[in-house]
Structure formats: C-alpha cells, structure tokens
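Each chain is listed here by its residues.
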Amino acid sequence: MRPAILLLMSGLLGAQTAPPKTVPAQPAAPQAAAPTGAFVHVPVKAREKRNPLAGDPTAKAAGQKLFQQHCAECHGESAEGGKKAPMLAGGPMADATPGQIFWILTNGVLGKGMPEWSRLPPAQR
Ligand code: HEC
C-alpha cells in the first residue's frame, strides 16, 4: 500500500505546485510611480489587482463598445478628452495599473464629475 499512498501524495503535491495552465502569465505590476491625476485617490492596495481579462482577445473590442456607450460623452470618442473630462489616452493613465483604473471605475471621482460604475459587472470595468 505504501507506494500507492506516496504516488497519491506526490500527485496532489504536484497538482498544487504546478502553475495553472489556463491562466496566461501576466507581467508583475510595475513598481508604482507616484500617482497623478485622479489616481492620487486610489488606495495603495488597489494597485495590485490584476486584470482578469488580460490576454482575452475579445476584451479590447468589448471594452471599446462599452466605452462608446458609457464614457465617450465625457471623455471623447477616442478618449482624447472633452469639455467635461480629461483625456484618457496618455497623461496620468500611462502610469496607471489595471488595479488603479478598476478602483477609479468602481468608486468614481465623486464631486469632480466622474461617476462611479459599480453597477457594471466587475468583468466590464
Ligand atoms: C459625466 C461625465 C463622465 C463620464 C460619463 C465618465 N467620466 Fe471619467 N472622468 C470624468 C471627470 C470629470 C474626471 C476627472 C475627475 C478629476 O478631476 O479628478 C474623470 C476621470 C476619469 C479617470 C481618471 C483619469 C485621470 O487622468 O485622472 C478615469 C480612468 C476615467 N475617468 C475613466 C472613465 C471611464 C472608463 C468611463 C466610462 C465607464 C468614464 N470615465 C465615464 C467624467 C466622466
């Protein structure tokens, strides 16, 4: 019986230490630069959160559609900025981590005209 038990054990241990194959490896979050723009409001902990859809080839098009529906009226058709809101292409956004952007979308910048989007399902944020 002993060898069989050892096999089970090492099988279980092996399963635990093997990297999950379905999740594409993501680069470690860049060492956070000092936040600028609305990102000064984001708690340090929120920076580390990863984008679960990174590597999903359909995510970009879906995101662009959502942007046209919800964000373009203030941030401009191509995120170039508008009368009501800053540009999102470049500027403070260039240094933002996915976690920071997720936090801004969840909480908004209330009082400065940026709505919160917590009613969108997390995968859409
Ligand atoms: C009603 C107008 C409005 C809408 C709609 C809107 N925003 Fe904003 N957004 C703002 C304003 C105003 C700010 C600037 C807040 C500030 O001054 O700190 C802002 C700031 C941001 C920031 C921080 C950028 C920075 O440089 O500090 C992000 C990210 C952002 N918006 C993303 C989005 C996304 C994504 C959507 C769509 C889901 C969206 N916004 C919809 C008005 C809007």
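Residues numbered from 1 in each chain as written. Predicted model: local features only at pLDDT ≥ 70, side-chain atom pairs only at ≥ 80, totals over all residues.

**Describing helix H4 (residues 98-107)**
Move 1: Looking only at H4, the buried set comprises Gly99, Gln100, Ile101, Phe102, Trp103 and Ile104.
Move 2: Gly108 lies just past H4 and shows a positive phi near 70 degrees. (Buried ≥ 20, exposed ≤ 12 C-beta atoms within 10 Å, placed from the backbone. Helix = DSSP H or I, 4+ residues; strand = E, 2+ residues; numbered from the N terminus.)

**Structural notes on the nonpolar core**
Move 1: In this structure, Ala38, Phe39, Val42, Ala96, Ile101, Phe102, Trp103 and Ile104 together form the largest nonpolar core, which totals 8 residues.
Move 2: Setting aside residues no more than four positions away along its own chain, Phe102 makes contact with Lys49 and Arg125. (Core = buried A, V, L, I, M, F, W, Y, C linked by C-beta atoms within 7 Å. Contact = placed C-beta atoms within 7 Å.)

**So, the site of the ligand**
Move 1: Within the structure, the ligand sits among 24 residues, and Gly37, Ala38, Cys71, Cys74 and Met114 are positioned closest to it.
Move 2: Classifying every residue of the shell around the ligand by side-chain character gives 16 nonpolar, 5 polar and 3 charged. (Near = placed C-beta within 6 Å. Nonpolar A, V, L, I, M, F, W, Y, C, P; charged D, E, K, R; others polar.)

**Looking at the environment of Glu80**
Move 1: By the element assignment, Glu80 lies in the loop between helix H3 (72-75) and H4.
Move 2: Assessed through the 13 C-beta atoms surrounding it within 10 Å, Glu80 is described here as partly exposed.
Move 3: Separated by 10 residues in the primary sequence, Glu80 and Gly90 have C-alpha atoms spaced 8.9 Å apart.
Move 4: Sequence-distant contacts of Glu80, that is, excluding residues within four places in its chain, are made with Met87 and Ala89.

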